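Listed below, chain by chain, are the residues.
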Amino acid sequence: MTAEIEQEDGLGHWAVCEATGCFLPDSEIQKLNRDLRILIACNGTLTRTLGIVANDEIVVQIVEQQVQNMASTMPDFEQLPSGRVLQRRILLNGRSSGHSFVAAESLVAIDLLPPAITTSLTKTDRPIGEIMAASCLETFKETAEVWIGKPPDWLAFAGYESSKPRIVGRRYRVMSGGQPVIIITEYFLRNVFQRCFVG
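Residues numbered from 1 in each chain as written. Predicted model: local features only at pLDDT ≥ 70, side-chain atom pairs only at ≥ 80, totals over all residues. Heavy atoms only, no water.

Taken as a whole, this structure holds 2 aromatic pairs when the rule is applied. With a centroid separation of 6.4 Å and 85° between ring planes, the pair formed by Trp147 and Tyr187 is classed as edge-to-face. With Trp147 in strand S5 (residues 145–149) and Tyr187 in strand S7 (residues 179–188), the pair connects residues that are 40 residues apart, well separated along the chain. Judged by its relative accessible area of 4%, Trp147 falls in the buried class. (Phe/Tyr/Trp six-rings, centres within 6.5 Å; stacked < 30°, edge-to-face > 60°. Helix = DSSP H or I, 4+ residues; strand = E, 2+ residues; numbered from the N terminus. Buried < 20%, exposed > 50% of the residue type's maximum accessible area, 1.4 Å probe, protein only.)

Quick look at the structure:
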């Protein structure tokens, strides 16, 4: 099984990183295709960069959105301060092509954000990055962890079917006022990024 994954992805033992809890080093990220490396390196608004790379206007499809209390049992909740958390699952789609380019899940500590941001997050389908940029709230994105692994289960419930069993993902925290306020996990959908890996 491992040998098959290694042969398919051309990334040695790093191809099973998600299962073993390790992440891709820079040397392995360099084996990904150029467009994917650009998106992984993006430290600004992903939607804008994706629109350029995909040569398409990017629109948000909200798959699921709900506010939960910290009492909920989610592994990433412990990385956020106590309070209410907005869980948002979306697809970033091309308006013209209809392709789903990126799936993303965000955990937002809404009690630590200005009310205008919370309202925009819960009442509109605007991307989080665009909302944060428009708010002028000073934030800092930590360096993302990157891995290759299985698509999240919720993608199937959203009606998305991947032709590849393993895709590239990244996760990072957005800090404000010295504490984490958002955790974002993004999955780059491989059936759209043709020749995702170089041999």
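Now that the structure has been shown, the text picks up again.
Below, the discussion takes up the environment of Val108. Within the secondary structure, Val108 is located in strand S3 (residues 100–109). Distance from Val108 to Val181, taken between C-alpha atoms, is 5.9 Å for residues 73 residues apart in sequence. Residues in contact with Val108, not counting those within four places in the same chain, are Arg84, Val85, Leu86, Leu113, Leu121, Ile128, Val181 and Ile182. (Contact = heavy atoms within 4.5 Å.)

The full count for this structure, using the stated rule, is 9 salt bridges. For the salt bridge of Arg34 with Asp35, the shortest nitrogen-to-oxygen distance reads 3.3 Å. Taking the relative accessible area as the measure of exposure, Arg34 reaches 54% and is therefore exposed. As a salt-bridge pair, Glu57 and Arg95 come within 3.0 Å of each other at their nearest N and O atoms. With Glu57 in the loop between helix H5 (46–54) and strand S1 (58–68) and Arg95 in the loop between strand S2 (85–94) and S3, this residue pair connects regions lying 38 residues apart in the sequence. Taking relative accessible area as the criterion, Glu57 reaches 48% and is therefore assigned partly exposed. According to the relative accessible area criterion, Arg95 is exposed, its value standing at 52%. By sharing partners, the salt bridges in this structure join Glu64, Arg89 and Glu105 into a single network. (Salt bridge = Lys/Arg side-chain N within 4 Å of Asp/Glu carboxyl O.)

Now for H5. For H5, the full list of buried residues reads Leu46, Thr47, Leu50 and Gly51. Viewed along the axis of H5, the buried residues span an arc of 135°, placing them on a single side of the element. Packed against the buried residues of H5 are helix H4 (34–41), S1, S2, S3, strand S6 (167–176) and S7. Looking one or two residues beyond H5, the residue adopting positive phi is Asn55, at roughly 55°. (Arc of directions from axis to C-beta.)

What follows concerns the nonpolar core. Core analysis: the largest hydrophobic core is formed by 20 residues, its most contacted members being Ile40, Leu46, Leu50, Leu92, Val102, Val168 and Phe188. Of all the elements in the fold, those that place two or more residues in this core are H4, H5, S1, S2, S3 and S5. Core analysis: the next-biggest nonpolar cluster, separate from the first, contains 14 residues, Val108, Leu121, Ile128 and Val181 among them. (Core = buried A, V, L, I, M, F, W, Y, C linked by side-chain atoms within 4.5 Å.)

What follows is about helix H7 (residues 128–135). Of all the residues in H7, the buried ones are Ile128, Glu130, Ile131 and Met132. In this structure, the buried side of H7 is in contact with H5, S2, S3, helix H6 (115–123) and S7. The positive-phi residue at the C-terminal boundary of H7 is Cys136, with phi of around 65°.

A word on the confidence of the model for the protein chain. Residues at a pLDDT of 70 or more form 78% of the protein chain, whose mean pLDDT is 80. In this model residues 1–20 is a low-confidence stretch, pLDDT under 50, and it forms 38 contacts with partners more than four residues away in sequence or in other chains. Ignoring residues within four places in sequence, the model shows residues 195–199, a span with pLDDT below 50, making 13 contacts including any to other chains. (pLDDT = per-residue confidence, 0-100.)

With that settled, consider the packing of H6 against H7. Packing of H6 against H7 brings their axes to within 10 Å, and their N-to-C directions diverge by 155°. With respect to H7, the axis of H6 lies roughly antiparallel. Handedness of the crossing formed by H6 with H7: right-handed. Contacts between H6 and H7 involve Ile117, Ser120 and Leu121 from the first element and Ile128, Ile131, Met132 and Ser135 from the second. Within the contact of H6 with H7, the residues separate by chemical class into 5 nonpolar, 2 polar and no charged. (Axes fitted to C-alpha atoms, helices over the stretch in contact; angles between N-to-C directions. Parallel < 35°, antiparallel > 145°, perpendicular 65-115°, else oblique. Left-handed = near helix turned anticlockwise from the far one by under 90°. Nonpolar A, V, L, I, M, F, W, Y, C, P; charged D, E, K, R; others polar.)

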